[in-house]
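# Survey of secondary and tertiary structure
Below are the chains, spelled out letter by letter.
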Amino acid sequence: MIIESLKLHDFRNYEELTLAPHPGINILFGQNGSGKTNLLEAVHYCALGRSHRTSIDREVVRKGAAMAACGVQVRKSGLKVDVAVKLTPGESRKKQIFLDRKRADRISDMMGKLQCVIFSPEDLMLVKEGPSVRRRFLDMLLSQLSTGYFVALQQYNKALEQRNAILKEIKKGAHCDVAMLDAFEEAMARPCQTIVTMRHKVLEQVAACAAEKYRAISGREQEIFSMRYVCCLHSLEDIPGQVKAQLRKNRQEDMFRATTTFGITKRWEDREDVLGLRPAAITVHLFRKTAADAAYPEQPFMTVNITGNGDDEWKFTFSDLPRRDDQGRLYTYMAQETPVEGYVTSYLNNGRTIVNSIPKEDLPPTPTPTPVPTTAPLPELTAEVRKAIAEGDEV
């Protein structure tokens, strides 16, 4: 397979470009920011219909332009194939695929027409980041090898999106027929057979190849490099049945959270068998002694919201609860979401919060409070609180 030409229009920093690569090895060189990686990104778009750097298509449209386009002409097995991608973020159909100058009905039609392997600095995230990055790498690899895999992945994600939309409506109090959840859970479970099986199979093949390459590079026969696919399922038998059973089991929790907590993009169920843990959202109330304690003895001064996304990535949000200013008005503020290490000693287990105390001096600095209007009923200030306010004490 040889790329005979590459054409760009308003793509990244290129207004117009026509490039005819050499049939052999091509080396692109130039100053930083001159657009070398943009050329590789355009080839990636023509292979997979997406960027390897961003999930937001409008970012590749040249500044000031309304649309962007990239196309390649490929010679494959003696035949020429034209593949082009047109991006129009401002229109209803934001991405269009053209094969041999004819618009394709589905993105899946382009899969396998141009196959590429890209190595970039972003690939370091495969070992530095969480499982979601590695799943994305697998999905891109398998989508080029199998149109069926790409179609199954699209079907699963679409059904997942629709199930989450229903869960959000239920959370808002809307009446929804349970049969709709049954239908979308069935639609989610069906393609899982293809997705999970092919992921497991390709990982076995990649693991064998990687172990051989590692042994040749390291020269250490006693060291064995291994890889395995860790999934949310207990076995590879009756995959759709397992998925449907777990989705039904989690319905009440999903309705409460307004999102799907189980799926082939998560691996928490394996961890639950070993550690008894589930994805968690933890709230820790921190208390302190102030002059206002007499009036509000149960009032915490700060809340730490700890949430996990199922990929070992925990985020901390520090929020000050409503307090009074010197005129008796309530105000509150939310600090910027900040990753903090070493603060959590345990996770939420079976509805019980198990977290050690967090000293106030260890918390990140909070911003200057901004008054926020509120319609909440204001409790009557006691004489002690009024005296504390008059003396300038914090309330």
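Residues numbered from 1 in each chain as written. Predicted model: local features only at pLDDT ≥ 70, side-chain atom pairs only at ≥ 80, totals over all residues. Heavy atoms only, no water.

### Observations regarding the pattern of salt bridges
Applying the stated criterion across every chain yields a total of 18 salt bridges. Between Glu-41 and Arg-53 there is a salt bridge; the shortest N-O distance is 2.7 Å. Residue Glu-41 is located in helix 1 (residues 36–48), and its partner Arg-53 is located in the loop between helix 1 and strand 3 (68–76); the two are separated by twelve residues in the primary sequence. Of the residues examined, Glu-41 reaches a relative accessible area of 0% and is grouped as buried. Of the charged contacts, one joins Arg-248 and Asp-182 as a salt bridge, the two residues approaching to 3.9 Å between their closest N and O atoms. Note that Arg-248 is positioned in helix 7 (residues 239–249) and Asp-182 in helix 5 (residues 178–189), a separation of 66 residues in sequence. On the accessibility criterion, Arg-248 (43% relative accessible area) is partly exposed. Put simply, Arg-163, Asp-182, Glu-185, Arg-248, Arg-251 and Asp-254 are held in one network by salt bridges that share partners. (Salt bridge = Lys/Arg side-chain N within 4 Å of Asp/Glu carboxyl O. Helix = DSSP H or I, 4+ residues; strand = E, 2+ residues; numbered from the N terminus. Buried < 20%, exposed > 50% of the residue type's maximum accessible area, 1.4 Å probe, protein only.)

### Re unusual backbone geometry
Positive phi values are uncommon outside glycine, yet Asp-100 reaches one of about 50°. The residue Asp-100 is located in the loop between strand 5 (95–99) and strand 6 (102–103) in this model. Exposure remark for Asp-100: the relative accessible area of 42% places this residue in the partly exposed category.

### Focus: the nonpolar core
Nonpolar side chains tend toward joint burial in soluble globular proteins. Counting residues in each nonpolar core, the largest one holds 30 residues, and the members touching the most others are Leu-8, Phe-11 and Cys-70. Listed by contribution, the elements that provide at least two residues to this core are strand 1 (2–11), helix 1, strand 3, strand 4 (79–87) and strand 5. Top contributing element to this core by residue count: helix 1, with seven residues. If sequence neighbours within four positions are ignored, Phe-11 has contacts with Asn-38, Glu-41, Ala-42, Tyr-45, Val-60, Arg-62, Ala-68, Ala-69 and Cys-70. (Core = buried A, V, L, I, M, F, W, Y, C linked by side-chain atoms within 4.5 Å. Contact = heavy atoms within 4.5 Å.)

### So, helix 3 (residues 131–145)
End to end, helix 3 covers 21 Å across 15 residues, agreeing with the expected 21 Å (1.5 Å per residue, within 8%). For helix 3, the complete set of buried residues consists of Pro-131, Arg-135, Leu-138, Asp-139, Met-140, Leu-142, Ser-143 and Gln-144. Buried residues along helix 3 sit in contact with helix 1, helix 4 (147–171) and helix 6 (192–218). (Expected span 1.5 Å × (residues − 1).)

### A closer look at the packing of helix 3 against helix 6
For the pair helix 3 and helix 6, interaxial distance at closest approach is 11 Å and the crossing angle is 95°. Comparing the axis directions of helix 3 and helix 6 gives the class roughly perpendicular. Along the contact surface, helix 3 presents Arg-135, Leu-138, Asp-139, Leu-141 and Leu-142, while helix 6 presents Met-198, Arg-199, Val-202 and Leu-203. Looking at the contact of helix 3 with helix 6 residue by residue, the class counts come to six nonpolar, no polar and three charged. (Axes fitted to C-alpha atoms, helices over the stretch in contact; angles between N-to-C directions. Parallel < 35°, antiparallel > 145°, perpendicular 65-115°, else oblique. Nonpolar A, V, L, I, M, F, W, Y, C, P; charged D, E, K, R; others polar.)

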